[in-house]
Each structure stands twice: as C-alpha cells, then as structure tokens.
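# Per-entry structural report
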Amino acid sequence: MQLLAYGYRLLSFLGFHNTTGPLTVSNAANTPVSAHILKAAEELGYKTIDINAESQLGYGELQSTVQNGVRWSTAKAFLRPAMERENLHVVIKAHVTKVLFSNEQVAIGVEYIKNGSAHRVKVTKEVVLSAGAVGSPQILLLSGIGPKWHLDNFSIPVIADLPVGENLQDHLDTDTGIYTIQEPLSITQSKVNSLTVTLQYRVFGTGYLASPAALEAVSFHKSSVSETDVLSPDIQMHYVMTIPGTYPDQPLYGLANYDHTAYNALHGDMIDQEGFLIFPGIVRPKSRGKIRLRSTDPFQHPEIDPHYLEHPDDVKTFIEG
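Anyway, here's the lowdown on the structure attached to this text. (Residues numbered from 1 in each chain as written. Predicted model: local features only at pLDDT ≥ 70, side-chain atom pairs only at ≥ 80, totals over all residues. Heavy atoms only, no water.)

Right, let's get into the overall build of the chain. Of regular secondary structure, the chain possesses 10 helices and 18 strands. Over its C-alpha atoms, taken along the principal directions, the chain stretches across nearly 70 × 50 × 45 Å. In the chain, the proportion of contacts linking residues at least 24 apart, taken out of those at least 6 apart, comes to 56%. Put simply, the chain shows about 19200 Å² of open surface, and 54% of that area lies on carbon and sulfur atoms. (Helix = DSSP H or I, 4+ residues; strand = E, 2+ residues; numbered from the N terminus. Contact = heavy atoms within 4.5 Å. Areas by Shrake-Rupley, 256 points an atom, 1.4 Å probe, with all protein chains shown as cover.)

Here you go:
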C-alpha cells in the first residue's frame, strides 16, 4: 500500500485508479463477445471485477495502456513531454554494454555502443538499470556482478559475487480452447480488411482494429495447489475474440512461438471463422529458470533456460487451468 500513492500519480483511469496521471489506461472491450463472456460468468456465480483493483479473483475486461485506439507507451506518457528539460538526454539506437564502477565498487556510469563506437556516460548520483528480465542480468554479468564461478569462466573481473541470473520466472500460457459461434460477433480477417472498419479506426480510433491483439477479457482463479492467500490467484485465463486461422501472414506463429504442425492442427481449416480462443496460464509459477552468458560479446543473446514446468505443482496448476 505504500506504493499505491505513486501508482495513482502515474495513471489516468476511472474506478480504483487516478484520472489525472500521464499514463492512459482504458478498457479493451470492442466486441460483443467479451460482454457475453462476462455475463455468462455472472450467471455461473463468478464475480465480475476491476482486474486492477483490490482483488483479482473473478472475471473482468482487459485494461491496457491505449489512448484513442493507439498504444500509449511510457515514452509517449513520460519522455516526450519532458524532452525539453535540460537535465534529460535520450540516446536512441544505442546498446549498453556494461555498468562502470569506481575503485570502491560504486556504480559511476555506463558504457554503450552507438554507430560502432564506444561511449561512456558518468553519473553524479546513481545508475538505474532497467533492461528487462533478460537484458538486466546480462548487463550485470558483463559488468562483473554475478556468480563468481560463471564470471571466472569468461575472465570477467568480479565486482560482486551475487546470484544474478537465477530465479527466472515466466508466465507460461497454452492455446487449448477454441470455440466457434454462429453469430457475427467476433473479429475475423475479412472484417479487419474491410474499408468500413479501416475508416472507423482511422477517423475515430475505435472498432475491431482498436482491439489490443483481440484480447479483451481475462479471469483469475485459485488452483487446488495454491499456497498463497485468498486474494492471490495462480491461474489467469485470456479470452481472445478471434480465431486466427492459417493466413500466410498470420503473426501468431512467431508471437506465441508455435510449432507449425501443432498450429495447423489447432487452427487449420478455420479461416474467417467466427469464434474466440481461451488461453489458460499460470501466474505464480514455482519453477525457476536461469540466465547465463554465452560469451563476453554484449550483442550475443544470453543463454535462457526457463525450466518450464519443472516443478510438479506448475503441471497440476496448468491442467486445472
């Protein structure tokens, strides 16, 4: 709760949220299907909720950082309004290679590569490293912060012997529920390609093209193996208001890392079919993965070993989902 006040300052959204912050959050529902799903959940005795309020157990509309049908990113919300500040300098198309340390092992700056040349930036207060669940540990390892035995393998001087790269957690989803409907209520390829839908989006920022990847509703549940308190679900269901089919330019192949044979078995012969998908996923996995360096080359992707479903409880939770 100590962080709640800061969250209010960031957001601009009704309900359990602030309405004056720079980061716009909006409900994602654009099709009638999501409303039917929420109504059906209520009829079955489930709660319909604000998914970003006090409790997440139940069904609700997806909320996304979208403004007028366009992604409202942190860059748009925070960086662009501050670009004229004298104390802000943004460097694009640059790749951070390591954090720099003083003889007293205090972070004093970063080194980065831009246009093939190395540059260094020094700081007077602190370095904030925010490169994601994969990039941050890679940079720390290259900087000499990590398990000593691993850094020694690459002759990287050790600044601090710490378990960097351990405890990797990922929310695994699976595509199992494909449901066809008889009414023209969902998103299909022919609708998306129509002139009417295109004009609606271009002029008003609404309609099928404003739907964030057709994901419009979610629900959260507790499994029988959950060890967390009553307000903490460990299963999330994603309701996608389309059946993607097997179009030549179908992006779902790469986005979800599908095997083509498996994808075609699930979605083949369903081109332009009305319906929706359900993706169950585990949100509190007990399996733990690792990030390791492949080399000292900062441009080479690190080794990612997610250890998916290694813990038996994750398998049970997935099956329940």
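Once that is clear, we can look at the pairing of strand E14 (residues 215–221). Regular strands place side chains that alternate from one sheet face to the opposite one. With 7 of its 7 residues buried, E14 lies for the most part within the structure. In terms of strand pairing, strand E4 (residues 58–61) meets E14 through 4 bridges, oriented antiparallel. From the neighbouring strand, Glu 61 faces E14, where its bridge partner is Ala 217. Across 6 bridges, the pairing between E14 and strand E15 (residues 235–240) is antiparallel. Paired with Ala 217 across the strands is Tyr 239, a residue of E15. (Buried < 20%, exposed > 50% of the residue type's maximum accessible area, 1.4 Å probe, protein only. Pairing = 2+ DSSP bridges.)

Across the sheet, which stays open at both edges, the 5 strands sit in the order E4-E14-E15-E16-E13 with antiparallel pairing between neighbours. Each of the sheet's edge strands pairs with one partner strand only, and the pair in question is E4 and strand E13 (177–180). Averaged over all pairs of adjacent strands, the angle between their axes in this sheet comes to 20 degrees, without regard to strand direction. Lying over the sheet, helix H2 (residues 32–43) contacts E4, E14, E15 and strand E16 (275–282), oriented at roughly 160 degrees with respect to E4. (Axes fitted to C-alpha atoms, helices over the stretch in contact; angles between N-to-C directions.)

With that settled, the discussion passes to the side chain of Ser 34. Here Ser 34 is to be found in helix H2. From its side chain, Ser 34 meets the backbone oxygen of Thr 31 in a polar contact 3.1 Å long. Aside from chain neighbours lying at most four places away, what touches Ser 34 is Ala 29, Glu 216, Ala 217 and Met 241. (Polar contact = N/O pair within 3.5 Å; in protein donor to acceptor, adjacent residues only side chain to side chain.)

What follows covers the environment of His 171. In this structure, His 171 sits in the loop between strand E12 (160–161) and E13. Separated by 87 residues in sequence, His 171 and Glu 84 place their C-alpha atoms 38 Å apart. Not counting chain neighbours up to four residues away, the residues in contact with His 171 comprise Ile 282, Val 283 and Pro 285.

Before going further, it helps to spend a moment on the nonpolar core. By size, the foremost hydrophobic cluster in this structure holds 18 residues, and its most contacted members are Ile 51, Leu 62, Val 218, Val 240, Leu 277 and Phe 279. Elements with a contribution of two residues or more to this core: E14 and E16. Residue contributions to this core peak at 3 residues, all from E14. Excluding residues that lie within four positions of it along the chain, Val 240 makes contacts with Ala 213, Ala 214, Leu 215, Phe 276, Leu 277 and Phe 279. Listed in part, the 13 residues of the second largest apolar core include Tyr 59, Ala 217, Met 237 and Tyr 239. (Core = buried A, V, L, I, M, F, W, Y, C linked by side-chain atoms within 4.5 Å.)

Another aspect to go through is the packing of aromatic side chains. With the rule as written, the count across this model stands at 3 aromatic pairs. Taken together, a centroid distance of 5.9 Å and an interplanar angle of 35 degrees make the contact between Tyr 59 and Tyr 239 tilted. One end of the pair, Tyr 59, is in strand E4; the other, Tyr 239, is in strand E15, and 180 residues separate them in sequence. Relative accessible area serves as the criterion here: at 5%, Tyr 239 is assigned to the buried category. (Phe/Tyr/Trp six-rings, centres within 6.5 Å; stacked < 30°, edge-to-face > 60°.)

The quantities given are spatial measurements derived from coordinates; they are silent on function.
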